[in-house]
Amino acid sequence: SLCASPQRRLVERSARLRLAQAASAPGAAASCTLPFSADELGALHDRLAKLAAGGLSPSAAEALLLELARRPPPAVPMLRASRVGVALRRCERHNHAQVAAIASHVLASWRSAAEAEDRRNRRVAALGAASEGEARSGAAASRADISLAPARAHAVVLIGEALSVDSAEPGEPKAEFGQPAAGPRTAADVAVAVEAEVYKAVGKATGKAYQARCRSLASLLRAPRAAELRANVRAGRCSVEEFCGLRASDALISEQERARRQEKREREARAIEMLRSENAGEASDAYTCTECKGRRCALFHTNSMGAVHLTTVPDMIVQCLDCMHRFTI
């Protein structure tokens, strides 16, 4: 009997340990990416029914459930068609306590994945409906096609929702999801184009690099200071290729700040040219370039050369000899 709480906790701890061991076993990484086919789920339903009826030994039942824990959860339509989830739920009442505990953990992971898939499908449907409605009303040039694989469709929704956070210009009404803020393209149109560019840039794969880049771009668009960037991307003033290559430090600055930085770079360049004829720069590896991380630098000691009249020039300008980036000390 598992009425005693300490005994139940012991069984749960043992089940979690077995699941962790199965996840770290040799070959587990390869099997964890193999999705279930319809034929596999049909055979699995029969095996789980046999397990629930006590037709498998505890060791065989545990091995079957641990194999399920290593595989990705089945898609919701396949779960509903095969009814394998119902068979797994019956395994929670197995006479062997550890088998029942492992079955409960597997069922919980399947339920969580199914809920996440339902939420993603609702967001994809909302994005597709908004795009279709704009195409019918003439507000958009064409309807965005988001009939993609689940991982790619989820990325499109993340970027599309981030593009629709608000309108771009002060005083404009807030843009509803899927409505163009400053041009004929909808958030769905732009999101599909951005996702396709990221997908191509990472080698047409949806691994960690793809997911990290999509999340990074969505976070960049959602930033409080990104209203101008959102407007430029949706209106086409910032191309998809240019946007996908942006860094947060460059994207979230105003035009005035960008002009100020450009003026500062030009001022430093003029100061270096003034000093170059008298001082070719001191080669040094004491500083690391902030751009390429190289350590081959030339140092220009502005004030030490008597250029005290250059009040806006810092004490030292460091120029990387690898990428020619300049920074000040």
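Remember, it's a predicted structure, so these values are computed and weren't measured experimentally.

Visitor: Would you mind going over the overall build of the protein chain with me for this structure?
Guide: For the protein chain, the count of helices and strands is 14 helices and four strands. Expressed as a percentage of its 329 residues, the buried residues of the protein chain come to 37%. Within the structure as shown, the protein chain displays about 18,000 Å² of accessible surface, and the carbon and sulfur contribution to it stands at 54%.

Visitor: Which parts of the structure should I look at to understand the pattern of salt bridges?
Guide: Any two side chains of opposite charge can pair if their charged atoms end up close together. All told, the structure shown has seven salt bridges when counted by the stated rule. Notably, a salt bridge pairs Lys264 with Glu268, separated by 2.6 Å at the nearest N-O pair. Taken together, the positions of Lys264 and Glu268, both in helix α14 (residues 255-276) and four residues apart, correspond to about one turn of that helix. Accessibility expressed as a relative area gives 31% for Lys264, which makes it partly exposed. Across the pair Asp322 and Arg296 runs a salt bridge, and its minimum N-O distance is 2.5 Å. Note that Asp322 is positioned in the loop between β3 (316-320) and β4 (326-328) and Arg296 in the loop between β1 (282-284) and β2 (297-301), a separation of 26 residues in sequence. For Asp322, a relative accessible area of 45% gives the class partly exposed. The partly exposed category is assigned to Arg296, whose relative accessible area is 47%.

Visitor: Explain the nonpolar core to me, please; I cannot follow it from the model alone.
Guide: Side chains of nonpolar character tend, in soluble globular proteins, to be buried together. Core analysis: the largest hydrophobic core is formed by 27 residues, its most contacted members being Leu163, Val194, Leu229 and Phe243. Considering every element that reaches this core, the biggest residue donor is helix α9 (residues 187-201), with seven residues. Leu79, Ala87, Leu88 and Val106 belong to the second-largest nonpolar core, a separate cluster that totals 26 residues.

Visitor: What should I look at first to understand helix α8 (residues 150-163) in this one?
Guide: Quick reminder: α-helices carry 3.6 residues per turn. Residues three or four places apart thus point the same way. An ideal rise of 1.5 Å per residue puts 20 Å on 14 residues; α8 measures up with 20 Å between its terminal C-alpha atoms. Within α8, the full set of buried residues consists of Arg152, Ala153, Ala155, Val156, Val157, Ile159, Gly160, Ala162 and Leu163.

Visitor: Just to check I follow, could you spell out unusual backbone geometry for this structure?
Guide: Excluding glycine, residues mostly have negative phi values, and the peptide bonds linking residues are mostly trans. The phi torsion at Arg83 lies on the positive side, around 55 degrees, for a residue other than glycine. Counting through the fold element by element, Arg83 comes out in the loop between α5 (76-82) and α6 (84-90). Of note, the phi angle at Lys293 is positive, near 65 degrees, even though the residue is not glycine. Structurally, the position occupied by Lys293 is in the loop between β1 and β2.

Visitor: Got a minute to help me understand helix α1 (residues 5-23) in this structure?
Guide: Along its 19 residues, α1 runs 27 Å from first to last C-alpha, staying within 8% of the 27 Å computed at 1.5 Å per residue. Listed in full, the buried residues belonging to α1 are Val11, Ala15, Leu19 and Ala22. Relative to the axis of α1, the buried residues are bounded by an arc of 75 degrees and lie together on one face.

Visitor: Looking at this structure, how should I read the side chain of Arg71?
Guide: Along the chain, the position of Arg71 falls in the loop between α4 (58-70) and α5. The class of Arg71 is buried, set by a relative accessible area of 12%. A polar contact is formed between the side chain of Arg71 and the side chain of Glu40, at a distance of 3.2 Å.

So, how was this worked out
- Residues numbered from 1 in each chain as written.
- Predicted model: local features only at pLDDT ≥ 70, side-chain atom pairs only at ≥ 80, totals over all residues.
- Heavy atoms only, no water.
- Helix = DSSP H or I, 4+ residues; strand = E, 2+ residues; numbered from the N terminus.
- Buried < 20%, exposed > 50% of the residue type's maximum accessible area, 1.4 Å probe, protein only.
- Areas by Shrake-Rupley, 256 points an atom, 1.4 Å probe, with all protein chains shown as cover.
- Salt bridge = Lys/Arg side-chain N within 4 Å of Asp/Glu carboxyl O.
- Core = buried A, V, L, I, M, F, W, Y, C linked by side-chain atoms within 4.5 Å.
- Expected span 1.5 Å × (residues − 1).
- Arc of directions from axis to C-beta.
- Polar contact = N/O pair within 3.5 Å; in protein donor to acceptor, adjacent residues only side chain to side chain.

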